[in-house]
Amino acid sequence: MTETAHTTIHRHDYRPPDYTVESIDLRFELGKETTLVRSRLALRAAYDRSGGERPLILDGHRFVLRSLCLDGAPLAPEAFQVSEETLVVPSVPATFTLEVETELRPQDNTFLEGLYRSNGMFCTQCEAQGFRSITYYPDRPDVLSIFTVTVIADRERYPVLLSNGNPMDRGELPDGRHFITWHDPFRKPSYLFALVAGRLACIEDSFTTCSGRGVSLRLYLQEANRNKGEHALRSLKKAMRWDEETFGREYDLDCYMIVAVDDFNMGAMENKGLNIFNSCYVLATPETATDTDYQAIEEVIGHEYFHNWSGNRVTCRDWFQLSLKEGLTIFRDQEFSADMESRGVKRIADVRYLRTAQFAEDGGPLAHPVRPESYMEINNFYTATVYNKGGELIRMLRTLLGAGRFRKGMDLYFERHDGHAVTIEDFVQAMADASNMDLGQFRLWYSQAGTPLVEASSSFEAADGVFTLTVRQSCPPTPGQPDKQPFHIPLVVGLLDRAGRELPVTLFGEPAPGPTTRILEVNRAEQTFHFSGLDSEPVPALLRGFSAPVKLDYPYRPDDLVLLMAHETDPFCRWEAGQQLAAQVILALVADQQAGRELKPDQAFVAAYRAALTSGEPDRAFLAEALTLPSEKYLAELMPVIDPGAIHIARRFTIRALATQLRNDFLAVRETCRSTRPYGVDDGRSGERRLANLCLAYLMSLEEQAITELCIQQYRTSDNMTDTMGALGPLASCDCPERSQVLEDFYRHWQGDRLVVDKWFSLRALSDLPGTLDDARALIDHPDFELANPNRFRALVGAFSQNQPHFHAPDGAGYRFLVDQLLRLIPLNPQVSARLLAPLTTWRRFEPGRQALMQQELRRIQALPKLPRDVYEVVEKSL
Ligand code: TRP
Ligand code: ZN
């Protein structure tokens with residue numbers, strides 16, 4: 001733990017760099033103990049020197065400085081100053097070269113930032129500010145340079161040596177070493193630099209771009225995983241084609257490389273021409289990966305590929321603009337996945353994530369705008385707000401502009417800013433210019449934090465057939481922002497009659513009939529819309545497609561929701577109707593518990609679910625979404641004071657009530673969804689598998705021996721991980737004698753496969769059973785638990801912190817377990833530690849007892865001497 005200076009960086013303090021780097025030559029000598037890095041920078045003053053000379057200030061830390069030369073001559077000790085995080089040279093010429101030699105110990109780098117080792121290979125992670133732990137450099141995204149990189153290492157142990165761009169030169173050296181020199185013709189910021197060295201297998205493919213250029217695609221992985229990269233490569237080709245067809249974006253280098261590594265802080269990294277991936281987003285075989293894993297791989301492969309334009313060709317001026325690349329790229333990967341799968345189901349999954357992760361963040365002490373105003377540690381701002389809410393803002397722009405003008409805006413953005421480091425404002429301006437629209441008010445979405453509440457109410461004037469919708473918007477205070485101005489909200493609506501038929505939506509005074517769906521532009525605190533030409537009172541379908549990241553409140557009656565569940569044309573609204581109905585029912589059961597009343601199943605609700613289950617809905621994945629009850633986390637979001645125990649019981653009660661009354665329907669639907677054919681990736685049956693496994697999960701709540709046997713039978717005969725997990729998930733929460741045998745069998749079978757062992761840790765940490773905390777504690781001492789491997793830590797400790805009833809145990813034991821483990825992780829990996837603190841930061845949402853316990857645990861971290869900046873920021877802001 002070195003960083004102890006906890007200063008705040010403000011967006012308004014941005015100044016262009018004083019010195020830019022025309023080119024950088026890097027030479028890495030990867031050794032057994034130490035790595036020597038020699039960097040030669042061609043620097044140029046970028047300011048007017050007639051007003052006085054400014055010092056050269058370079059970022060750097062966590063290495064040993066070996067030597068420093070300016071224009072070929074060693075710098076005298078009094079000619080520069082080294083502080084904890086910078087190198088300052090007070091006087092330099094207008095143009096000059098600086099040579100810096102540094103010495104690193106990658107094998108000791110547990111932060112997984114900069115140059116580090118993972119499983120015998122060398123790799124880098126430079127976003128956001130990892131490059132400064134390799135050498136002194138202006139480590140900021142608005143300094144773009146041409147990189148030439150020579151990697152030198154032992155040929156036997158590191159036959160593969162990679163960096164960005166194209167290989168230029170290679171050769172043998174004495175002592176069994178070899179080298180390769182890479183040159184990247186595109187100017188890039190340091191955060192996109194990458195290097196990999198190791199003994200790696202390579203699987204190859206090729207892609208011909210729309211203009212006929214051939215691109216060599218190479219996926220590097222450990223020899224033992226050679227058979228697991230096919231899906232990732234196929235996904236890459238799909239993404240490349242899709243970006244050409246959808247956005248007219250062509251790839252620009254001769255090769256595209258992806259490397260899978262086991263130790264990685266996040267999902268993946270878009271380094272120019274050399275993406276580095278957490279192996280969980282690359283490796284898949286039917287036996288080891290679920291359908292969900294396959295989809296996640298496709299999405300993340302797409303995400304990193306799309307960054308080549310939205311992020312690399314056009315990059316961020318400073319880190320406050322992070323959503324410029326991340327929000328846009330999330331939107332692009334969501335659209336890609338929607339086109340590859342079922343659009344409606346994809347939208348539902350994205351909304352589900354936004355409403356749990358992002359809404360919680362936006363309502364808590366770490367709430368920040370999509371474009372933050374300040375930060376201490378930028379790594380803490382790779383958030384659901386910057387990514388996913390940022391993606392929603394792009395989606396709203398497309399809704400408001402229409403697909404055609406949106407595409408024109410995208411083209412204009414890329415044309416104007418290719419090769420530059422720009423701002424969110426530049427992006428919005430391109431959209432405004434391409435569409436001639438006034439986006440002034442829309443910009444508030446980037447600067448105001450918090451989730452707007454849209455309260456709608458309606459009335460119907462039978463005499464003149466006019467339906468009136470009144471819409472009020474407000475936004476709760478967030479840290480530093482007590483008052484908010486109204487947002488520009490696209491509210492997409494439709495109208496249904498009592499028979500479930502879609503009606504024309506005709507605004508009063510407009511010629512009838514209007515379209516069956518329309519965009520209402522809500523832009524004031526209160527507004528009224530009149531719809532005419534209606535014979536009877538319609539049921540409004542509001543926020544179709546989840547057209548804005550808001551909380552919508554409309555007093556739907558249960559029978560309105562049942563009607564929407566059965567007939568609404570928009571998949572999101574249809575799904576949402578069922579979720580609202582379920583939430584009403586479950587929250588009523590929570591109130592019953594709190595009032596000491598007996599819990600009783602809601603018969604109208606059971607009937608609505610029976611109708612859905614037996615509807616024969618052809619989109620099986622959609623039906624599975626529709627039959628999945630709102631998560632405990634989402635239900636918690638809806639409560640003024642969260643009662644995790646009561647939510648858990650109410651949700652379990654509802655599952656069991658449905659299973660009891662619909663037992664034979666669940667069995668029958670499961671039968672129709674099961675196939676005797678062997679599993680196939682992309683066999684079009686993932687929806688069936690999902691629905692079948694959901695039915696099984698419902699049935700398992702009955703705790704019936706016959707069902708348990710069915711479940712074990714599925715486990716024993718499954719030829720794919722989707723069905724294996726479909727059986728294991730419910731078994732892990734089943735208090736039956738077979739449970740431990742099956743879990744043990746699974747572990748023994750997959751002991752050598754890291755990603756599957758991660759699943760095993762998570763299964764146990766997520767169990768409903770009473771002994772789960774003790775089990776999690778015991779697993780900490782399991783020989784396969786690895787504190788320093790982020791995937792493994794997240795699989796056990798991270799998963800446990802998502803286990804609502806156990807993490808929130810009233811005596812605080814769950815909180816204590818998390819913090820006990822974080823106290824061990826913080827010195828090794830502050831970045832991952834800070835992210836895993838999130839569940840404790842929401843303490844204000846609980847009753848006083850839990851509040852005190854959660855705060856107490858946060859204070860235990862606060863009391864650490866020399867708290868790393870990442871963790872310090874989260875703890876300070878949340879207490
Ligand atoms: N830019 C990466 C992405 O969204 C995110 C990322 C990968 C990252 N590794 C990181 C961010 C480490 C911060 C630190 O695709
Ligand atoms: Zn990204």
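All residue numbers here refer to positions counted from 1 along the written sequence of the relevant chain. Chains and ligands are labelled sequentially in the order written, the chains with letters from A and the ligands with numbers from 1. Two thresholds apply to this predicted model, a pLDDT of at least 70 for residue-level local features and 80 or more for giving and counting side-chain atom pairs, whereas whole-chain, interface and lining totals are computed over all residues. As a rule here, side-chain values cover all heavy atoms of the structure and leave hydrogens and water aside.

A. Highlighting the overall build of the protein. Here a strand is any run of E in DSSP of at least two residues, a helix any run of H or I of at least four, and the numbering for each starts at the N terminus. A count of helical and extended segments in the protein gives 27 helices and 32 strands. In this setup the radius of gyration rests on C-alpha atoms only. A globule is expected at 2.2 Å times the number of residues raised to 0.38. Its C-alpha atoms give the protein a radius of gyration of 28 Å, near enough to 29 Å, the size a compact globule of 879 residues would have. When its C-alpha atoms are laid out on the principal axes, the protein stretches across 90 × 70 × 60 Å. To measure how exposed things are, a 1.4 Å probe is used in the Shrake-Rupley method; for residues, cover is taken only from the protein chains shown. With the model as given, the accessible surface of the protein reaches about 32900 Å², and the carbon-plus-sulfur share is 51%.

B. How the structure looks around the domain arrangement of the protein. Taken domain by domain, the protein holds domain 1 (9-199), domain 2 (315-433), domain 3 (453-552) and domain 4 (738-879). How far each domain reaches was decided by an automatic or database domain assignment. Relative placement of domain 3 and domain 4: their C-alpha centres are 43 Å apart.

C. Representation of the side chain of Thr135 in the model. Note on placement: Thr135 falls in the loop between β11 (121-125) and β12 (145-154). In this view, Thr135 contacts Ser39, Asp59, Gly60, Phe63, Val100 and Thr102; residues no more than four positions away in its chain are not counted. Residue contacts are counted whenever heavy atoms from the two residues lie within 4.5 Å of one another.

D. Seen up close, the sheet that holds strand β21 (residues 274-278). Pairing between strands is defined by DSSP: at least two bridges between the two strands are required. The strand order across the open sheet formed by five strands is β17-β18-β19-β21-β20, and the pairing between neighbours is mixed. Two strands in the sheet have a free side with no partner beyond their single neighbour: β17 (201-208) and β20 (268-269).

E. Spotlight on the site of ligand 1. Every one of the 15 residues lining ligand 1 counts as a neighbour, but Glu127, Ala268, Glu270, Glu304 and Tyr387 are closest to it. Between a nitrogen atom of ligand 1 and a side-chain N or O atom of Gln125, the distance comes to 3.2 Å. Contact between ligand 1 and Glu270: a nitrogen atom at 2.7 Å from a side-chain N or O atom of the residue. Surface burial for ligand 1 is 97%, taken as the share of its 370 Å² of free accessible area covered by protein chains. Listing elements by their share of the shell around ligand 1, those giving two or more residues are β20, α2 (291-306) and α3 (322-340). Looking at the shell around ligand 1 residue by residue, the class counts come to five nonpolar, five polar and five charged. Throughout this document, a residue counts as near a molecule or strand when at least one of its heavy atoms sits within 4 Å of that molecule or strand. Between N or O atoms, a polar contact is any pair within 3.5 Å; within protein, one atom must be a potential hydrogen donor and the other a potential acceptor, and residues adjacent in sequence are included only when both atoms are from side chains. Asp, Glu, Lys and Arg are counted as charged, while Ala, Val, Leu, Ile, Met, Phe, Trp, Tyr, Cys and Pro are counted as nonpolar; the rest, among them Gly, fall into the polar class.

F. Summary view of the nonpolar core. Definition used in this section: a nonpolar core is a set of buried Ala, Val, Leu, Ile, Met, Phe, Trp, Tyr and Cys residues joined via side-chain atoms within 4.5 Å. Each residue gets one of three labels from its accessible area relative to the maximum for its type: buried under 20%, exposed over 50%, partly exposed in between, using a 1.4 Å probe on protein chains only. The biggest cluster of nonpolar side chains holds 210 residues, and the ones touching the most others in it are Phe427 and Tyr609. With residues up to four places along the chain from it excluded, the contact list for Phe427 reads Leu324, Leu328, Ile394, Leu397, Met410 and Tyr413. Counting 75 residues, the second-largest nonpolar core is a separate cluster that includes Phe63, Leu161, Ile180 and Ala197.

G. Here's a closer look at the pairing of strand β10 (residues 114-118). For β10, the buried fraction is high: four of the five residues fall into the buried class. Where β10 and β11 come together, five bridges link them in antiparallel fashion. Among the inter-strand pairings, Ser118 is bridged to a residue of β11, identified as Met121. Connecting β10 to the next strand, β11, in antiparallel fashion are two residues, including Asn119 with a positive phi near 50°.

H. Focus on the pattern of salt bridges. A pairing counts as a salt bridge when a side-chain nitrogen of Lys or Arg comes within 4 Å of a carboxyl oxygen of Asp or Glu. This model, assessed by the stated rule, comprises 81 salt bridges. Linking Glu99 and Arg40 is a salt bridge whose minimum nitrogen-to-oxygen distance equals 4.0 Å. With Glu99 in strand β9 (residues 95-104) and Arg40 in strand β3 (residues 35-45), this pair connects stretches of sequence that are 59 residues apart. The exposure class assigned to Glu99 is partly exposed, which follows from its relative accessible area of 23%. Of the charged contacts, one joins Arg850 and Glu847 as a salt bridge, the two residues approaching to 3.1 Å between their closest N and O atoms. Take Arg850: its relative accessible area is 7%, and that puts it in the buried class. A single network of salt bridges, built from pairs that share partners, joins Glu335, Asp339, Arg343, Arg395 and Arg398.

I. Representation of the packing of helix α16 (residues 686-700) against helix α18 (residues 721-732) within the structure. Helix axes are fitted to C-alpha atoms over the stretch in contact, other axes to C-alpha atoms as well, and angles between N-to-C directions run from 0 to 180 degrees. Running from N to C, α16 and α18 cross one another at 15°; their axes reach a closest spacing of 9 Å. Our classification of the angle between α16 and α18 gives roughly parallel. In this structure, α16 crosses over α18, and the sense of that crossing is right-handed. Where α16 approaches α18, its residues Arg689, Asn693, Leu696, Ala697 and Met700 are matched on the opposing element by Thr722, Asp723, Gly726, Ala727, Pro730 and Leu731. In terms of residue class, the contact of α16 with α18 is built from six nonpolar, three polar and two charged. The scheme is simple: roughly parallel for angles under 35 degrees, roughly antiparallel for over 145, roughly perpendicular for 65 to 115, oblique for anything else. Crossing handedness is read from the near helix: turned anticlockwise from the far helix by less than a right angle, it gives a left-handed crossing, and turned clockwise, a right-handed one.

J. Seen up close, the packing of aromatic side chains. Aromatic rings from Phe, Tyr and Trp, taking only the six-membered ring of Trp, are treated as a pair when their centres fall within 6.5 Å; an angle between ring planes under 30 degrees marks them as stacked, one over 60 as edge-to-face, and anything in between as tilted. Applying the stated criterion to the full structure yields 39 aromatic pairs. Between Tyr19 and Tyr47 the ring centres are 5.6 Å apart and the planes differ by 80°, which places this aromatic pair in the edge-to-face class. Note that Tyr19 is positioned in strand β2 (residues 19-30) and Tyr47 in the loop between β3 and β4 (56-59), a separation of 28 residues in sequence. Aromatic ring contacts, followed pair by pair, group Trp242, Phe247, Tyr251, Tyr256, Tyr305, Phe306 and Phe336 into a single cluster. For the cation-ring pair, Arg249 lies above Trp309, with the distance from its terminal atom to the ring centre recorded as 4.6 Å. The ring of Phe247 carries Arg332 above its face, with NZ or CZ at 5.0 Å from the centroid. Counting as a charge over the ring demands two things of the Lys NZ or Arg CZ atom: a distance within 6 Å of the ring centre and an angle within 35 degrees of the ring normal.

K. Looking closely at the packing of helix α5 (residues 384-401) against helix α7 (residues 424-435). Contact geometry of α5 with α7 gives a least axis separation of 11 Å together with a crossing angle of 10°. Relative to α7, the element α5 lies roughly parallel. Contacts between α5 and α7 involve Ile394, Leu397 and Leu401 from the former and Phe427, Met431 and Ser435 from the latter. Considering only residue class, the contact of α5 with α7 consists of five nonpolar, one polar and no charged.

L. Broad picture of helix α6 (residues 403-417). Multiplying 1.5 Å by the residue count of a helix minus one yields the expected span of that helix. A rise of 1.5 Å per residue sets the reference length of α6, with its 15 residues, at 21 Å; its end C-alpha atoms lie 21 Å apart and thus fit the reference within 8%. For α6, every residue scored as buried is listed here: Phe406, Gly409, Met410, Leu412, Tyr413, Phe414 and His417. Looking at the buried side of α6, the elements it contacts are α1 (230-247), α3, α5, β24 (421-422) and α7. Gly419, located one to two residues past α6, shows a positive phi value of around 85°.

M. Fine view of the coordination of the zinc ion (ligand 2). Here the zinc ion (ligand 2) is held by His303 (NE2), His307 (NE2), Glu326 (OE) and Glu326 (OE), and the distances to it run 1.9 to 2.8 Å. For the zinc ion (ligand 2), the six donor atoms in the first shell make angles of 47 to 162° at the metal, a pattern classed as irregular. Ligating atoms shown are N, O and S within 2.8 Å of the metal, or 3.2 Å for Na, K and Ca, and water is not included, meaning a site may look less than complete. Considered as a linear motif, the donors of the zinc ion (ligand 2) on their single chain read H-x3-H-x18-E. Here His303 is found in helix α2, whereas its partner Glu326 is found in helix α3, with 23 residues between them in sequence. Overall, Glu326 belongs to the buried group, its relative accessible area being 1%. Square planar and octahedral assignments, for four and six donors respectively, both demand that opposite donors be over 155 degrees apart and that all other angles lie between 65 and 115; tetrahedral needs four donors with all angles between 85 and 135 degrees, and anything else is irregular.

N. Here's a closer look at the environment of Leu161. On the secondary structure map, Leu161 appears in strand β13 (residues 160-163). Every residue in contact with Leu161, bar those within four places of it in the chain, is listed here: Val151, Ala153, His178, Phe179, Ile180, Trp182, Val196 and Ala197.

O. Quick look at the sheet that holds β12. Strand order in the open sheet made by the eight strands is β6-β5-β9-β3-β2-β12-β15-β14, with mixed pairing throughout. Of all the strands in the sheet, just β6 (73-74) and β14 (166-173) have a single pairing partner and so form its edges. Note that β12 and strand β15 (residues 177-188) share nine bridges and pair antiparallel. The residue bridging Val149 from the neighbouring strand is Trp182, located in β15.

P. Structural view of the pairing of β3. Only one face of β3 is covered, namely the one carrying Thr35, Val37, Ser39, Leu41, Leu43 and Ala45; the face carrying Leu36, Arg38, Arg40, Ala42 and Arg44 has none of its residues buried. Linking β2 to β3, which pair antiparallel, is a turn of four residues. As defined by bridge partners, β3 adjoins β9 across ten bridges and the pair is classed as antiparallel. Opposite Leu43, over in β9, you have Phe96 as the bridge partner.

Q. How the structure looks around the environment of Leu401. Following the sequence through the fold, Leu401 ends up in helix α5. According to the relative accessible area criterion, Leu401 is buried, its value standing at 4%. The residues touching Leu401, leaving out its near neighbours within four places in the chain, are Phe406, Met431, Ser435, Met437 and Leu439.

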